[in-house]
Amino acid sequence: VSCAPLFDINQLIKPSEFEKCDFVNSKPCSLLEFCAFFGSIKCFKFIHLNEESKKSQDLMKYAIAGGNVEIVHICEQIGPINYKETREIAVKYHHWEIFEWLYEHKVSKTIQEEDIFSFLFQSIQFSNFTTLSYVLFNGADYDNALPFTVEHDNILLAKWLIKHKENLFKEE
């Protein structure tokens with residue numbers, strides 16, 4: 001198909017009522033973004049290596065949502081990236097390894113108190129236990145966590161917080 005003379009490597013995939021995921025269905029996305037989101041490494045590399053393919057500034061967001069580390073590292077080489085915008089995506093889609101990499105290698109020097117608060121909120125909002133425990137170990141206020149879980153009707157996470165409170169703060 002891609003060898004056809006009229007094949008448009010930069011065509012956009014329009015939103016569809018059959019696609020369940022809002023991330024790829026909220027606006028038209030390119031073939032490259034679609035491949036990044038679904039982790040299709042062979043298709044991603046093929047389109048990426050095509051000289052005519054356009055790379056959007058949102059490409060890294062699609063890659064992080066997709067969770068394919070190889071695609072993420074390819075996107076890292078493409079150009080300047082605002083990593084701050086990608087952290088919530090890693091939390092939302094439960095890509096722990098990517099979140100940890102972003103936190104420790106890309107944005108840790110610029111982490112501020114409101115960022116920790118934001119990570120805490122996002123971890124609860126998206127029921128991400130792994131990131132929540134990591135954020136609590138790294139300075140988030142436990143006293144904010146429990147009310148957030150109750151506010152978001154997340155009974156399972158509230159029970160987990162109560163059960164693991166002692167384990168979370170063993171070192172203190």
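Quick caveat, the model's predicted, so the values are computed rather than measured. (Residues numbered from 1 in each chain as written. Predicted model: local features only at pLDDT ≥ 70, side-chain atom pairs only at ≥ 80, totals over all residues. Heavy atoms only, no water.)

Bringing the overall build of the chain into the picture now. Check the secondary structure of the chain and you find 11 helices and 2 strands. Its helices and strands in sequence order give the chain the pattern β-α-β-α-α-α-α-α-α-α-α-α-α, from N to C terminus. Counting only C-alpha atoms and orienting by the principal axes, one finds that the chain spans roughly 65 × 35 × 25 Å. Taking the intrachain contacts of the chain between residues at least 6 apart in sequence as the baseline, contacts between residues at least 24 apart amount to 55%. Accessible area for the chain stands at about 10600 Å²; split by element, carbon and sulfur atoms hold 53% of it. Across the chain, the mean location of the 17 positive side-chain charges is 4 Å away from that of the 25 negative side-chain charges. (Helix = DSSP H or I, 4+ residues; strand = E, 2+ residues; numbered from the N terminus. Contact = heavy atoms within 4.5 Å. Areas by Shrake-Rupley, 256 points an atom, 1.4 Å probe, with all protein chains shown as cover. Lys, Arg positive; Asp, Glu negative; His and termini not counted. Charge placed at Lys NZ, Arg CZ, Asp CG, Glu CD.)

The next point concerns the layout of surface pockets. Quantified by volume, the largest pocket comes out at close to 260 Å³. Lining the largest pocket are 14 residues; nearest its centre among them are S56, Q57, M60, P80 and I81. Of all the elements in the fold, those that place two or more residues in the lining of the largest pocket are α4 (59-66), α5 (69-78) and α6 (84-92). It is α4 that contributes the most residues to the lining of the largest pocket, 3 residues altogether. Grouping the constituent residues of the lining of the largest pocket by class yields 6 nonpolar, 5 polar and 3 charged. (1 Å grid on protein atoms, 1.4 Å probe; cavity = no way out; pocket = protein on both sides within 12 Å on 5 of 7 lines; lining within 4 Å. Points joined across faces, edges and corners; volume = space filled by probe spheres on them. Nonpolar A, V, L, I, M, F, W, Y, C, P; charged D, E, K, R; others polar.)

Let us now look at helix α9 (residues 129-137). Turning to α9, its buried residues number three or more, namely T131, L132, S133, Y134, V135 and L136. Backbone geometry just downstream of α9 places G139 in the positive-phi region, at approximately 110°. (Buried < 20%, exposed > 50% of the residue type's maximum accessible area, 1.4 Å probe, protein only.)

Core analysis: the biggest nonpolar cluster contains 48 residues, and F44, I64, F99, L120, L132 and L136 have the highest contact counts within it. Filtering out sequence-adjacent residues up to four positions away, L120 remains in contact with L132, V135, L136, A140, D141, N144, A145 and F148. (Core = buried A, V, L, I, M, F, W, Y, C linked by side-chain atoms within 4.5 Å.)

Mapped onto the secondary structure, F44 falls in helix α3 (residues 41-49). Sequence separation of F44 and L32 is 12 residues, and the distance between their C-alpha atoms is 5.8 Å. When near neighbours in sequence (up to four residues on either side) are disregarded, F44 contacts L32, C35, A36, L59, I71, I74 and C75.

To continue, consider the packing of α3 against α5. Two packed helices can be described by the angle between their axes and the distance between those axes. Where α3 meets α5, the closest approach of the two axes is 10 Å, and the angle between their N-to-C directions is 20°. Overall, the two elements α3 and α5 adopt an arrangement that is roughly parallel. Between α3 and α5 the crossing geometry is left-handed. Of the residues in α5, those touching α3 at I41, F44, K45 and H48 are E70, I71, I74, C75 and I78. (Axes fitted to C-alpha atoms, helices over the stretch in contact; angles between N-to-C directions. Parallel < 35°, antiparallel > 145°, perpendicular 65-115°, else oblique. Left-handed = near helix turned anticlockwise from the far one by under 90°.)

Let's shift gears to the side chain of S123. Tracing the backbone shows S123 in helix α8 (residues 113-125). A polar atom in the side chain of S123 sits 2.8 Å from the backbone oxygen of F119. Ignoring any residue separated from it by four or fewer positions in sequence, one finds S123 in contact with V91, N128, T131, L132, V135 and L157. (Polar contact = N/O pair within 3.5 Å; in protein donor to acceptor, adjacent residues only side chain to side chain.)

What follows is about the packing of α5 against helix α7 (residues 96-106). Two elements in contact, α5 and α7, have axes separated by 12 Å at closest approach and are oriented at 35°. Here the hand of the crossing between α5 and α7 comes out right-handed. Together, V69, V72, H73 and E76 of α5 and I98, W101 and K106 of α7 make up the contact between the two elements. The class makeup of the residues in the contact of α5 with α7 is 4 nonpolar, 1 polar and 2 charged.

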